[in-house]
Amino acid sequence: MPEPQAVDIHGLTHRYGDHAALSDISFSVARRELFGLLGPNGGGKTTLFRLLSTLLPIQSGRVEIFGTDVAARQEDVRRQIGVVFQSPSLDRVLTVRENLLHQGHLYGMRRGALRERIDVLLGRLGIADRAGDRIASLSGGLQRRVEIAKGLLHQPRLLLLDEPSTGLDPGARDDLWRYLRDLRDHEGVTAVVTTHLMEEAEHCDRLAILDKGRLVATGPPAELRAHVGGDCITIQSEMPAELAEKIATRFDVESAIVGGRLRIERADGHDLVRELVDAFPDEISTVTLGKPTLQDAFIHLTGHQFWGEGDA
Amino acid sequence: MSTSTAPVAPSPAPPALEAQPRGSFWLPIYTLTQRELVRFFRQRTRVIGALGQPLLFWILFGAGLKGSFQPPRWANWEMSYQEYFFPGVAVMIVMFTAIFSTISIIEDRREGFLQGVLVAPISRLSLVLGKLCGGTVLAVLQAVLFLLLAPTMGISITPAAALLTLVWLTLLSFTLTALGFVIAWPMESTQGFHAIMSVFLMPMWLLSGAFFPAGESGWLSWIIAANPLTYGMAGLRRLLYFGRDIPTGSGLPGLGTSLVVTCLFCAVCVGLSVYLAGRRVSKDAR
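Calculation criteria
Residues numbered from 1 in each chain as written. Chains lettered and ligands numbered in written order. Predicted model: local features only at pLDDT ≥ 70, side-chain atom pairs only at ≥ 80, totals over all residues. Heavy atoms only, no water. Helix = DSSP H or I, 4+ residues; strand = E, 2+ residues; numbered from the N terminus. Buried < 20%, exposed > 50% of the residue type's maximum accessible area, 1.4 Å probe, protein only. Areas by Shrake-Rupley, 256 points an atom, 1.4 Å probe, with all protein chains shown as cover. Lys, Arg positive; Asp, Glu negative; His and termini not counted. Charge placed at Lys NZ, Arg CZ, Asp CG, Glu CD. 1 Å grid on protein atoms, 1.4 Å probe; cavity = no way out; pocket = protein on both sides within 12 Å on 5 of 7 lines; lining within 4 Å. Points joined across faces, edges and corners; volume = space filled by probe spheres on them. Contact = heavy atoms within 4.5 Å. Pairing = 2+ DSSP bridges. Nonpolar A, V, L, I, M, F, W, Y, C, P; charged D, E, K, R; others polar. Buried area = accessible area lost by both parts, 1.4 Å probe. Salt bridge = Lys/Arg side-chain N within 4 Å of Asp/Glu carboxyl O. Polar contact = N/O pair within 3.5 Å; in protein donor to acceptor, adjacent residues only side chain to side chain. Axes fitted to C-alpha atoms, helices over the stretch in contact; angles between N-to-C directions. Parallel < 35°, antiparallel > 145°, perpendicular 65-115°, else oblique. Left-handed = near helix turned anticlockwise from the far one by under 90°. Patch = residues over 30% accessible without salt bridge, like charges linked within 9 Å, V, L, I, M, F, W, Y side chains within 5 Å.

Peer 1: Run through the overall build of chain A, naming residues and quoting values.
Peer 2: Within chain A one finds 11 helices and 14 strands. Across the 312 residues that make up chain A, the buried fraction comes to 55%. As displayed, chain A offers around 12700 Å² of accessible surface, 47% of which is attributable to carbon and sulfur atoms. Between the mean site of the 37 positive side-chain charges and the mean site of the 46 negative ones, chain A shows a separation of 9 Å.

Structure below.
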């Protein structure tokens, strides 16, 4: 029998009343994968995170974690996952060490083994000297590290992290990703990370893009970028609609208006830019040409901007 | 995490599921109880609030209502209002402490601690019991502190009576904490809890025979008889006066009836708590 995937999702739908937060989602996460759930706020990634972390019951569809049915065997699933929430989950009245001791006890760890594990984690996360301090006295970034230590304490095989870099400065973000890669490489830990930040998503081995509760695409960041044919030209103009029409008549080039800007995907972008600027010097205020980013991929796949109206 | 850049030494693969420690039933209860106690003693105002107000009530009402008090029929000795009110205040302390410790559920939810407990591999029964034991220990501690004043009321407690009283206080505290749990769990805000407190919990205490004796007839006596806390109150009175012979059928429920009703009340509250904690609704996932 083949080894089950770390996460296997089939036809997952979740509704809050009439509103479908997730519609018929299916994908899987391989073992030892750093997997990103990318999407704008309200796209459904937080709902998916809550379903995976067993906070919400599965309404319809099937979710398996290491082959264990999440709907039927919550407790077995809970034992295997480490959850790092976006909102704080620490007791602010207690110290760092006390928080981790309680956490360990909840996971059936105790005494020497637990203390040892806490020391190792505090050392690795660079907060050993703050072990006796109350959470309330720590900065946001340090609290975040304690949250991460909490999620890792019982050596879960699957880590679920909801917007883990919230409140971390750029240096600490890089350290977090380096640490997640270390865990993947040396301890075989799979991580599923939700994020609304494109540059964060670039760190992942594979991504699932969620938009309005639908799965738009899955794949490695490079592959998703490759969905965009060649280069990306973005044009700012006073009258985008008229300009789009003119471009279509003159060059036979399709352009889309996204967020008030003209967007053209072309294999030979630099030639077209030159021609466009020559042809419409007055209509074009600025033009940019770039290799496609994940943002471009998102626009290409969904037809709208990442931070579209009503999304943010 | 700037200091965590040292390379991580390769460590053995994490143990397979079977080798991981099984979720324990008692360890979470122990750890959640301990947390409750540590939190309580680190928040000084809670200590003052839970003991101070009832004590003040006892002194002020005891003095103020002295003249207009008519001892109940079952008190076949001379009883001052202060003495009558004494066990009532003990129950008030239990109620306040129990209730206030369950308000922390709302805070835990808001501050996020609860979500971490909810995804832990512990049975919902241990989660509930952890909370209830914490509240119970605190309530019993404070009620016992107060009951040490019993000799000043001329109530002499034998060692056996003291032990039984302790057991009774524990049962009562556990029950009232569970009642608080049932009220607090679905609550969004502590304000809502305070509203319930003033329209439901305070009257429940007032109409339990704690503040004034039940009349022999009339609608008020019916309410008092229907109030489950009346039996918790009566049990405490009977145990405090363990040596005296208080006849049943004299307005104070007997010890047996009190025990049965309180146990039933307890079972209902704990059952509801476990049911509520086991329900997964989007509100918990914040």
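Picking up where we left off.
Peer 1: Talk me through the layout of surface pockets; I want residue IDs and the actual numbers.
Peer 2: Where empty space is left in the structure can be found by rolling a water-sized probe over the atoms. Residues and elements named next belong to chain B. Looking at the largest pocket, its volume works out to about 390 Å³. Taken together, 25 residues form the lining of the largest pocket, with Pro213, Ala214, Gly215, Gly251 and Leu252 sitting closest to its centre. Of all the elements in the fold, those that place two or more residues in the lining of the largest pocket are α7 (190-210), α8 (219-226) and α9 (228-240). With 5 residues, the top contributor of residues to the lining of the largest pocket is α9.

Peer 1: Explain the environment of Gly269 of chain A to me, using residue names and the numbers behind them.
Peer 2: All names here are of chain A. Mapped onto the secondary structure, Gly269 falls in helix α10 (residues 269-279). Once the C-alpha coordinates of Gly269 and Ser137 are considered, the two residues, 132 residues apart in sequence, prove to be 53 Å apart. With near-sequence residues (within four places) excluded, Gly269 lies in contact with Asp231, Ile233 and Leu289.

Peer 1: Give me the pairing of strand β1 (residues 7-16) of chain A: which residues, what numbers.
Peer 2: Residues and elements named next belong to chain A. Of the pairings in the sheet, the one linking β1 to strand β4 (residues 60-65) comprises 5 bridges and is antiparallel in character. Opposite Thr13, over in β4, you have Ser60 as the bridge partner. As paired strands, β1 and strand β2 (residues 19-29) are joined by 7 bridges and run antiparallel to one another. Residue pairing in the sheet places Tyr16 in a bridge with His19 of β2. As consecutive antiparallel partners, β1 and β2 are separated by 2 residues, and within that stretch Gly17 has a phi angle of approximately 65°, a positive value.

Peer 1: Could you give an account of empty space enclosed by the protein, naming the residues involved and the relevant values?
Peer 2: Residues and elements named next belong to chain A. Inspection of the entire model under this criterion finds 6 cavities of 30 Å³ or more. Empty space within the largest cavity amounts to approximately 110 Å³. Taken together, the residues that form the lining of the largest cavity break down as 8 nonpolar, 1 polar and 4 charged. Here the second largest cavity is characterised by a volume of approximately 70 Å³. Here the element with the most residues in the lining of the second largest cavity is helix α5 (residues 140-152); it accounts for 3 residues. Tallied by class, the residues present in the lining of the second largest cavity amount to 4 nonpolar, 4 polar and 2 charged.

Peer 1: So what's going on with the interface of chain A and chain B? Which residues, and what values?
Peer 2: Facing the 52 residues of chain A at the interface are 45 residues of chain B. With both chains or domains summed, chain A and chain B bury close to 4700 Å², and 57% of this area falls on carbon and sulfur atoms. In terms of surface lost to chain B, no three residues of chain A exceed Leu55, Arg79 and Leu106 of chain A, which account for 16% of the buried area on that side. Across the contact surface, chain A and chain B share 3 salt bridges. The salt bridge partner of Arg42 of chain B is Glu98 of chain A, with a shortest N-O separation of 2.8 Å. Linking chain A to chain B there are 9 residue pairs in polar contact (both at pLDDT 80 or more). Looking at the side of chain A that touches chain B, the element that brings in the most residues is helix α6 (residues 170-187) of chain A, giving 8 residues. Of the residues that constitute the side of chain A that touches chain B, the class distribution is 20 nonpolar, 15 polar and 17 charged.

Peer 1: Break down the packing of helix α3 (residues 81-111) of chain B against α9 of chain B for me, citing the residues and quoting the values.
Peer 2: Residues and elements named next belong to chain B. Axis separation between α3 and α9 bottoms out at 10 Å; the angle between their running directions is 125°. Taken together, the axes of α3 and α9 are oblique relative to one another. α9 is crossed by α3, and the crossing has right-handed handedness. Contacts from Tyr84, Pro87, Gly88, Ala90, Val91 and Met95 of α3 reach α9 at Leu229, Met233, Leu236, Arg237 and Leu240.

Peer 1: Which residues make up a nonpolar patch on the surface, and what values go with them?
Peer 2: On the surface, Leu55, Leu56, Ile59, Leu60 and Leu149 of chain B cluster together into a nonpolar patch covering about 430 Å² of accessible area. As for its placement among the helices and strands, Leu149 of chain B is situated in the loop between α5 (124-147) and α6 (159-184).

Peer 1: Let's hear about the side chain of Ser23 of chain A: which residues, and what values?
Peer 2: For Ser23 of chain A, the position within the fold is in strand β2. When residues no more than four places from it in sequence are discounted, the contact partners of Ser23 of chain A are Leu12, Thr13, Gly213 and Arg214 of chain A.

Peer 1: Talk me through the sheet that holds strand β6 (residues 81-84) of chain A; I want residue IDs and the actual numbers.
Peer 2: Residue and element names in this part refer to chain A. An order of β6-β7-β8-β3-β9-β10 is seen for the 6 strands of this open sheet, with the pairing classed as mixed. Looking along the sheet, the strands with just one partner apiece sit at the ends: β6 and β10 (214-219). Across the sheet, the axes of successive neighbouring strands diverge by a mean angle of 15°, strand direction being ignored. Pairing of β6 with strand β7 (residues 158-162), which is carried by 4 bridges, proceeds in the parallel orientation. Across the sheet, Ile81 pairs through a bridge with Leu158, a residue of β7. Helix-sheet contacts for helix α1 (residues 45-52) involve β3 (34-38), β6, β7, β8 (190-195) and β9 (206-211), and the interaxial angle to β7 is about 145°. Here helix α11 (residues 294-302) sits on the sheet in contact with β9 and β10, set at roughly 45° to β9.

Peer 1: Pulling in residues and values, what's your account of the pairing of β4 of chain A?
Peer 2: All names here are of chain A. Note: β4 against strand β5 (residues 68-69), 2 bridges, orientation antiparallel. Looking at the pairing, Ile65 lines up with Thr68 of β5. A loop of 2 residues connects β4 with β5, the two strands running antiparallel in sequence, and Phe66 in this loop sits at a positive phi of about 50°.

Nothing here speaks to function; it is geometry throughout.
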